[in-house]
Amino acid sequence: MKKTKGIILALLSSGTFGLIAFFSIPLLKAGVHTPSILFYRSLLAAILLGTICLIRKKDFRIPPKTAIQLFVMGMLYTITAMGLIYSYTYISSGVSTTLHFLYPIVVSCLMIIFYKEKKSLTLFIAAVTSLVGVGLLCWSDNGFISTRGLFIVLITVFTYAVYIVNLGRPVFKKLEPEVLMFYVMLFGAFMFSIYASFTTGIEILPDRNAWLNIVGLVLFATVLSGLSLITAVKYAGSTITSILGSMEPVVATIVGIFYFHESFGWNSFAGLVLIIASVVLVVMMNNKREKKGQIITD
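Computed from a predicted structure; not experimentally measured. (Residues numbered from 1 in each chain as written. Predicted model: local features only at pLDDT ≥ 70, side-chain atom pairs only at ≥ 80, totals over all residues. Heavy atoms only, no water.)

## Things to note about the overall build of the chain
Stated precisely, the cut-off is as follows: Note on conventions: DSSP H or I runs of at least 4 residues are helices, E runs of at least 2 residues are strands, and numbering of each starts at the N terminus. It is over C-alpha atoms that the radius of gyration is taken, and the globule rule equals 2.2 Å times the number of residues to the power 0.38. Buried, partly exposed and exposed residues are distinguished by accessible area as a fraction of the type maximum, computed with a 1.4 Å probe on protein chains only: under 20%, between the cut-offs, and over 50%, respectively. The contact definition used throughout considers only heavy atoms, calling two residues in contact when any of these lie within 4.5 Å. Here, Shrake-Rupley sampling with a 1.4 Å probe gives the accessible areas, and only protein chains in the shown set may cover a residue. The charge count treats Lys and Arg as positive and Asp and Glu as negative. His and the chain ends do not count. By convention, the point assigned to a charge is CZ for Arg, NZ for Lys, CD for Glu and CG for Asp.
Within the chain, the secondary structure is distributed over 14 helices and 2 strands. Computed over its C-alpha atoms, the radius of gyration of the chain comes to 19 Å, within 12% of the 19 Å expected for a compact globule of 298 residues. On the principal axes, the C-alpha backbone points of the chain span a range of 50 × 50 × 40 Å. For the chain, buried positions account for 51% of its 298 residues. Once local pairs closer than 6 in sequence are excluded, the contacts in the chain between residues at least 24 apart make up 87%. Accessible surface, the chain: about 14,700 Å² in total, of which carbon and sulfur atoms supply 69%. With 23 positive and 11 negative side-chain charges, the chain shows a separation of 10 Å between the mean positions of the two kinds.

Here it is in structure tokens:
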């Protein structure tokens, strides 16, 4: 029963993560700039998570050293969030989200480079497969997609991979998930407020629809997706949760096609399938290593 609950929550998490563009693009079209969107997202998420922590009587106390490390985590998260939304200006949301989904492969590469994990033929095959998928996804009927958009979203792949790797450190494992997310969002709101003050300023949302989209972005694509992810790992395990994470690019692609009328040809479909397949390969490989005790997370 718990495993079934975990699978449902994993699908809920990846599905709601895939709705980032659904709520963000209407805000961009309404004239709200990215710094303001991300400031409101982080601030409201921090307030909501803080409220949840207070209701559950969680301990907010952290030592100064941990606060500095959480600040760095917040920086990685903000760069990822900012890059993903900025990329929507140059490439379709479906392509952007699918490319972002390459982060598990980068996580595995980082583990090999910095934690001396055993090299794997499976990882090499997955990396080559993903590169072919990226090539197919980036080539449309109108030619190659925007190189600027591609560069921006690839930065998010790296920053989110570093964020994920750091989550495995003992200092963060000791924290309650809600508390960790609260501080990441709080520091994110602080950084976005500074960034906004030097660029567009923190804009007042123009109308009710804009507020509804911000609330949807916070509630569904941030807090609900994040907490569902944590609970899914608890009940279903990291492997099943990671594999079901493939719903994220699928949902984003469906939203892009049917809601934003983005083009999606056979080459894009083949690229999507290859990228998802490569990520599933890596996740399954890591699961086998975890069972053998080869993964190092310290």
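Here the narrative resumes, following the displayed structure.
## Overview of the confidence of the model for the chain
Our working rule: A residue's pLDDT is the predictor's confidence in that residue, given on a scale from 0 to 100.
In the predicted model, the chain carries a mean pLDDT of 86, and 93% of its residues have values of at least 70. Predicted confidence is poor over residues 294-298, with pLDDT under 50, and the contacts of this stretch with residues over four places away or in other chains come to 15 contacts.

## Examining the pattern of salt bridges
Our working rule: Salt bridges, as used here, are contacts in which a Lys or Arg side-chain nitrogen is within 4 Å of a carboxyl oxygen on Asp or Glu.
Tallied over the full model, the rule gives 3 salt bridges. We note a salt bridge from Arg56 to Glu178, for which the minimum N-O separation is 2.4 Å. In this pair, Arg56 sits in the loop between helix H3 (34-55) and helix H4 (64-87) while Glu178 sits in helix H10 (residues 177-198), placing the two residues 122 residues apart along the sequence. Lys58 serves as the salt-bridge partner of Glu176, at 3.5 Å between the closest nitrogen and oxygen. In this pair, Glu176 is assigned in the loop between helix H9 (170-173) and H10 and Lys58 in the loop between H3 and H4, connecting sequence segments 118 residues apart. Take Glu176: its relative accessible area is 38%, and that puts it in the partly exposed class.

## Thoughts on empty space enclosed by the protein
Note the threshold: Whether a set of points on the 1 Å grid over the protein atoms alone is a cavity depends on a 1.4 Å probe fitting there but being unable to get out, while an open set qualifies as a pocket with protein on both sides within 12 Å along at least five of seven lines; lining residues are those with an atom within 4 Å of a point. Grid points are joined across faces, edges and corners, and a volume is the space filled by probe spheres set on the points. By the convention adopted, Pro, Cys, Tyr, Trp, Phe, Met, Ile, Leu, Val and Ala count as nonpolar, Lys, Arg, Asp and Glu as charged, and the other residues, Gly among them, as polar.
Summed over all chains, the structure comprises 1 cavity of 30 Å³ or more. One number sums up the size of the largest cavity: a volume of about 70 Å³. Ser92, Gly94, Val95, Thr98, Leu137, Thr253, Gly256, Ile257, Glu262, Ser263, Phe264 and Leu272 together form the lining of the largest cavity. Contributions of two or more residues to the lining of the largest cavity are made by helix H5 (93-100) and helix H13 (247-258). Of the residues in the lining of the largest cavity, the class split is 5 nonpolar, 6 polar and 1 charged.

## Overview of the nonpolar core
Here is the rule: We define a nonpolar core as any set of buried Ala, Val, Leu, Ile, Met, Phe, Trp, Tyr and Cys residues linked to one another through side-chain atoms lying within 4.5 Å.
Core analysis: the largest hydrophobic core is formed by 80 residues, its most contacted members being Leu99 and Tyr163. Apart from the residues within four sequence positions on either side, Leu99 is in contact with Ile91, Val134, Leu137, Cys138, Leu150, Val153, Val157 and Ile275.

## Focus on the packing of aromatic side chains
In plain terms, the rule: Any two of the Phe, Tyr and Trp rings considered here, Trp counted by its six-membered ring, make a pair once their centres fall within 6.5 Å; the pair's planes then place it as stacked at under 30 degrees, edge-to-face at over 60, or tilted in between.
Under the criterion given, the structure shown has 16 aromatic pairs. Members of the aromatic cluster, connected to one another through ring pairs, are Phe60, Phe71, Phe182, Tyr183, Phe187 and Phe190.

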